[in-house]
Amino acid sequence: MRRLEAEIRHHDRLYYVQAKPEISDREYDALFDELVALEDQHPELVSPDSPTQRVGSDLAHDLPEVAHTIPVLSLDKCYSPSELVAWLDKTVAASPDPQPLSFVLEEKLDGASIVLTYEEGRLVRAVTRGNGAVGNDVTANARTIRSIPLVLAEAVSLTVRGEVFMRRAAFEAYNTASGGTYSNPRNLAAGTLRNVRSRVTAAVPLEFFAYEGFFADGWGASHSGILARLAALGLPVNPHGVLVSEDATLISVVRKDLPAWRTASFSELQNIVEEASFGRKQLEYEIDGLVLKVDGIARREILGYTAHHPRWAIAVKFEAPEAVTRLVSITVQVGRNGRITPVAELEAVALAGSIISRATLHNEDYVNQLELAPGDTVAISRRGDVIPAVERVVEKAESPAEGGLVWLMPDRCPSCGSSLEKRGAHHFCPNRDCPDRVLGRLIHTTGKAGFDIDGLGEKTLSLALRLGLVHEPQDVFTADWSSLIAEEGFGEKKTAKISEGIRQAKDRPFAQVLASLGFENLGPSLAETLIKAGYTSMAAIRERAAAGDVKAFEGIHGLAEITARQLVDEFSDPRNAAMLDALAAAGVRMELEPASAGESLLQIFAGQRWCVTGSFTRYNPRDLAMLEVKKRGGVVVSAVSSKTTHLLAGTGAGSKLDKARELGVQVVSEDEFVALLAQ
Ligand code: IVH
């Protein structure tokens, strides 16, 4: 009986965890029936964790409240790929340690959250999320879920968080059979998990994926490592994970226990999220977003927690939250690059934690497609970035308010009166000296997305513009800000703060300088791409642009032709050229700062062949150690041979260490390796 139990458990693991069954359903059923028969004959020998003990009971048991042993937090959220990328950038920037930060991207399953406790390898408790501090004990129900192991492959103690969910096909079949009373798989899964009769739970084909693990013997060094360990113990882990790092080409394998996991570079993240959003209908189960998590556990602890959620993770949701309100009027806004955007002026309404009274309407076509007119009741959402958008008309106004039924884009710029030009879907004000455009440029230059200069907000800039102190972005650096002392509300303290802010702004990293220029499409991510492609100085970029070399920029990985052309246009524009000259003359950084110049790393491992084995405290996954070798010109090999020059051996190094000693390959410990790098 014990042997049969173990065999069935083995096949459960192959089926639920590895998705690689080795026997047919019939063969599996035969094993199962044999065990049932033996248990019938010898009821006294039935073990409580036998695979047969998943049928549940008809006895109504209440679901007592239990306090969680770990805080069961929820996730911070955002609603667009660009917000996710911004979070990643911010988190990376807040990480002072030179060891690169990597992340794990997981599917956000739309089911019911559950916390499982294993003691010495046995499932002892399953609790729902509840309010995060206290949940309901649903152990009897969880035991009926076939993919939740009753016994782990090792007698370890741990707590696991994961999601109980239902595949679409299973839901359809079950729902049809039961008369179509359930609205979606999530509600059925969550309801069933909390059913008072476990026999009812057993009849519903629920499944489980583990997504966080807490080991009694310590945390483990990385989340991906912990998940790999969970998988090795027999807990099902979602195979669609992605290990996201600065440069994926340097990381060969994720984890052998997570064979289907992919690797991706930071630059691919946006695309991956967009594809997942489109592709999710093809998945066998429902997801409502993706979760991006810092991989390193030590890093997570440094980043810490708010009262509600960890700072080391964020969910990007596919559906934006909506609110309904009334459209009061439509105005137009002039952007710094001349683009005219119609804006919905709304009756104030609460949406995702803020009060909204304006929303973007993108362009004229968008307004017309919505058939929008003042007085209409509209649905708004916080979709892209933080700017809310009008999604649709919920109800047309009975008698249209002033302005009539159809909205028309004005012929002239509301700020300077120039005739508008239409390019593609958008209208533009062609006048570079249009007051709104000039102010917009100044605001961008000094704002968070620009040089980030303290004390130079919209109000001060408007005043300075009116006084003729500034006009072009470069004027910010040369203006005599002390002359503002004569103005109301400006003391010495305030102008000194501005001067100090400007002094600091000259020292901003080159990537930030590029993004501050306010050129079409040239944000932080394009700036990084350019630098990585070797454009490490303004002169280098200007030289290519002056030669009209669109092809050179197009050759850069990930750059579309239109972006390449914009770069050429912007950098070769005479007025922009004058601005760049002026910024350089004012002492703004015009080339990559030395500290982060990748090529300045001494190629100390050139000509060497390194093999890396065992586990490390500073390099986890150990690919991070391989990365250090590669960055310094070394070649990384997977096996020790006579050609191998070094073996970097961590704890638990086994046969490779023996082989290295046998062949006389130089063995390097983690500490020695760190010392080598420091040299
Ligand atoms: S991690 C402390 N990972 O989303 C972080 N949550 O608001 C714990 N969820 O209650 C959550 N898939 O039910 C995490 N791969 C995943 C998830 C996931 C679904 C759910 C979970 C949680 C909610 C977060």
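To keep things clear, this report deals only with the structure shown in the data block.

Thresholds, definitions, all that
- Here the residue numbers are simple positions, counted from 1 along each chain's written sequence.
- Owing to the predicted nature of the model, reporting of local features is limited to residues with pLDDT of at least 70; listing and counting of side-chain atom pairs is limited to 80 or more, with chain, interface and lining totals taken over all residues.
- Side-chain figures throughout are based on the complete set of non-hydrogen atoms in the structure, without hydrogens or water.
- Strands are labelled as partners when DSSP assigns at least two bridges between them.
- Secondary structure counts use DSSP, requiring at least four H or I residues in a row for a helix and at least two E residues in a row for a strand, with both numbered from the N terminus.
- Axis definition: a line fit to C-alpha positions, over the contact stretch in the case of helices; interaxial angles, taken between N-to-C directions, run 0 to 180 degrees.
- Any two residues having at least one pair of non-hydrogen atoms within 4.5 Å are treated as being in contact.
- Only protein chains enter the accessibility calculation, which uses a 1.4 Å probe. A residue is then buried if its area is under 20% of the maximum for its type, exposed if over 50%, and partly exposed in between.
- As used here, the arc is the angular range of directions from the helix axis to the C-beta atoms.
- Put simply, buried Ala, Val, Leu, Ile, Met, Phe, Trp, Tyr and Cys residues joined by side-chain atoms within 4.5 Å make one nonpolar core.
- Being near a molecule or strand, for a residue, comes down to having at least one heavy atom within 4 Å of it.
- Pairs of N or O atoms are called polar contacts if they sit within 3.5 Å, as long as, within protein, a hydrogen donor faces a hydrogen acceptor (for residues adjacent in sequence, only side-chain-to-side-chain pairs).
- Computed by Shrake-Rupley with a 1.4 Å probe, the accessible areas treat only the displayed protein chains as cover when residues are assessed.
- Gly is put with the polar residues, along with every residue not named as nonpolar or charged; the nonpolar set is Ala, Val, Leu, Ile, Met, Phe, Trp, Tyr, Cys and Pro, and the charged set is Asp, Glu, Lys and Arg.
- When the centres of two rings from Phe, Tyr and Trp lie within 6.5 Å, Trp using its six-membered ring, the rings pair. Their planes under 30 degrees apart give stacked, over 60 give edge-to-face, and anything left gives tilted.
- Should the near helix be turned anticlockwise from the far one by less than a right angle, the crossing is termed left-handed; should it be turned clockwise, right-handed.
- Helix span, expected: 1.5 Å multiplied by one less than the number of residues in the helix.
- Any angle between 65 and 115 degrees counts as roughly perpendicular, while under 35 counts as roughly parallel, over 145 as roughly antiparallel, and the rest as oblique.

All right, on to the sheet that holds strand 4 (residues 112-119) then. In space, the four strands of this open sheet follow the order 5-4-7-8, with antiparallel pairing throughout. Every other strand in the sheet has two partners, leaving strand 5 (122-128) and strand 8 (207-215) as the edge strands with one partner each. Averaged over neighbouring strand pairs, the angle between their axes works out to 25° when direction is ignored. Pairing between strand 7 (residues 158-165) and strand 8: eight bridges, direction antiparallel. From the neighbouring strand, Arg-161 faces strand 8, where its bridge partner is Glu-212. Helix 8 (residues 223-233) rests against strand 7 and strand 8 of the sheet, and its axis sits at about 120° to strand 8.

Pairing within the open sheet is mixed, and its six strands lie in the order 2-12-11-3-9-10. Pairing within the sheet leaves two strands with one partner each, and these edge strands are strand 2 (77-78) and strand 10 (262-265). One ladder, built from five bridges, connects strand 11 (residues 287-294) with strand 12 (residues 313-317); its direction is antiparallel. Its bridge partner lying in strand 12, Val-291 is registered against Ala-315. On top of the sheet, helix 8 reaches strand 3 (103-109), strand 9 (242-245) and strand 11; it is set at about 55° to strand 3, its chief contact.

Looking at helix 17 (residues 524-532), one finds that the buried residues are Leu-526, Ala-527, Leu-530 and Ile-531. Buried residues in helix 17, looked at end-on, bunch into an arc of 140°, giving them a common side. Opposite the packed face of helix 17, turned more than 90 degrees from it, sit the exposed residues Pro-524 and Lys-532. Looking at the buried side of helix 17, the elements it contacts are helix 16 (510-516), helix 18 (538-546), helix 19 (550-554) and helix 20 (561-572).

It is worth spelling out the nonpolar core at this point. Counting 50 residues, the largest nonpolar core has Trp-481, Leu-514, Phe-553 and Phe-571 as the members making the most contacts within it. Apart from residues lying up to four places away in sequence, Trp-481 is in contact with Leu-456, Thr-460, Leu-461, Ala-464, Leu-469, Val-470, Val-476, Thr-495, Ile-498 and Ile-502. Among the nonpolar cores identified, the runner-up in size contains 43 residues, and Val-138, Val-164, Phe-215 and Leu-258 belong to it.

This part covers the site of the ligand. The ligand sits among 15 residues. The nearest are Glu-106, Leu-109, Glu-163, Tyr-211 and Lys-293. Interatomic distance of 3.4 Å between a side-chain N/O atom of Arg-161 and an oxygen atom of the ligand. The separation between an oxygen atom of the ligand and a polar side-chain atom of Tyr-211 is 3.4 Å. Expressed as a share of its isolated accessible area of 520 Å², the protein-covered part of the ligand is 91%. When residues of the shell around the ligand are traced back to their parent elements, those giving at least two are strand 3, strand 7 and strand 11. Residues belonging to the shell around the ligand are distributed by class as follows: six nonpolar, two polar and seven charged.

Attention now moves to the packing of aromatic side chains. For the structure shown, the criterion picks out 17 aromatic pairs. Judged by centre distance (5.1 Å) and plane angle (25°), the rings of Phe-165 and Phe-209 are stacked. A residue pair is termed long-range when its members are at least 10 positions apart, and Phe-165 in strand 7 and Phe-209 in strand 8 qualify at 44 residues. Taken individually, Phe-165 and Phe-209 each receive the classification buried, so the pair is uniform in this respect. Ring centres 5.6 Å apart and planes at 65° place the aromatic pair Trp-610 and Phe-673 in the edge-to-face group. One end of the pair, Trp-610, is in strand 20 (residues 609-613); the other, Phe-673, is in helix 24 (residues 670-678), with 63 residues separating them in the sequence. A relative accessible area of 0% means that Trp-610 is categorised as buried.

Before going further, it helps to spend a moment on the environment of Lys-551. As for its placement among the helices and strands, Lys-551 is situated in helix 19. It is 41 Å that separates the C-alpha atoms of Lys-551 and Asp-76, two residues lying 475 residues apart in sequence.

This part covers the packing of helix 3 (residues 81-93) against helix 9 (residues 269-279). Between helix 3 and helix 9, the shortest axis-to-axis distance is 9 Å and the interhelical angle comes to 145°. The chirality of how helix 3 crosses helix 9 is right-handed. On the side of helix 3, the interface is formed by Pro-81, Ser-82, Leu-84, Val-85 and Leu-88, while helix 9 contributes Leu-269, Gln-270, Val-273 and Glu-274. When the residues that make up the contact of helix 3 with helix 9 are grouped by side-chain class, the tally is six nonpolar, two polar and one charged.

This part takes up the pairing of strand 9. The two faces of a sheet get side chains in turn, since along a regular strand they alternate between them. Residues of strand 9 alternate between two faces, with Val-242 and Val-244 on one and Leu-243 and Ser-245 on the opposite face, all of them buried. Pairing geometry for strand 3 and strand 9, over three bridges, is antiparallel. Among the inter-strand pairings, Phe-103 is bridged to a residue of strand 9, identified as Val-244. With four bridges joining them, strand 9 and strand 10 adopt parallel strand pairing. Its bridge partner lying in strand 10, Leu-243 is registered against Thr-263.

Further remarks concern helix 2 (residues 25-41). A rise of 1.5 Å per residue sets the reference length of helix 2, with its 17 residues, at 24 Å; its end C-alpha atoms lie 24 Å apart and thus fit the reference within 8%. Residues of helix 2 that are buried: Tyr-28, Leu-31, Phe-32, Leu-35 and Glu-39. Within helix 2, the buried residues cover an arc of 95° as seen down the axis, which keeps them to one side. With respect to the buried face of helix 2, the exposed residues turned more than 90 degrees away are Arg-26, Asp-40 and Gln-41.

Put simply, helix 1 (residues 2-16) and helix 2 touch, their axes get as near as 10 Å, and they point 150° apart. When the axes of helix 1 and helix 2 are compared, the pair comes out roughly antiparallel. The two elements helix 1 and helix 2 meet at a crossing, and its hand is left-handed. From helix 1, Leu-4, Glu-5, Glu-7, Ile-8, His-11 and Asp-12 reach across to helix 2, where they touch Tyr-28, Leu-31, Phe-32, Glu-34, Leu-35, Leu-38 and Glu-39. For the contact of helix 1 with helix 2, the residue count by class is seven nonpolar, one polar and five charged.

Any functional reading would require information that these geometric values do not contain.
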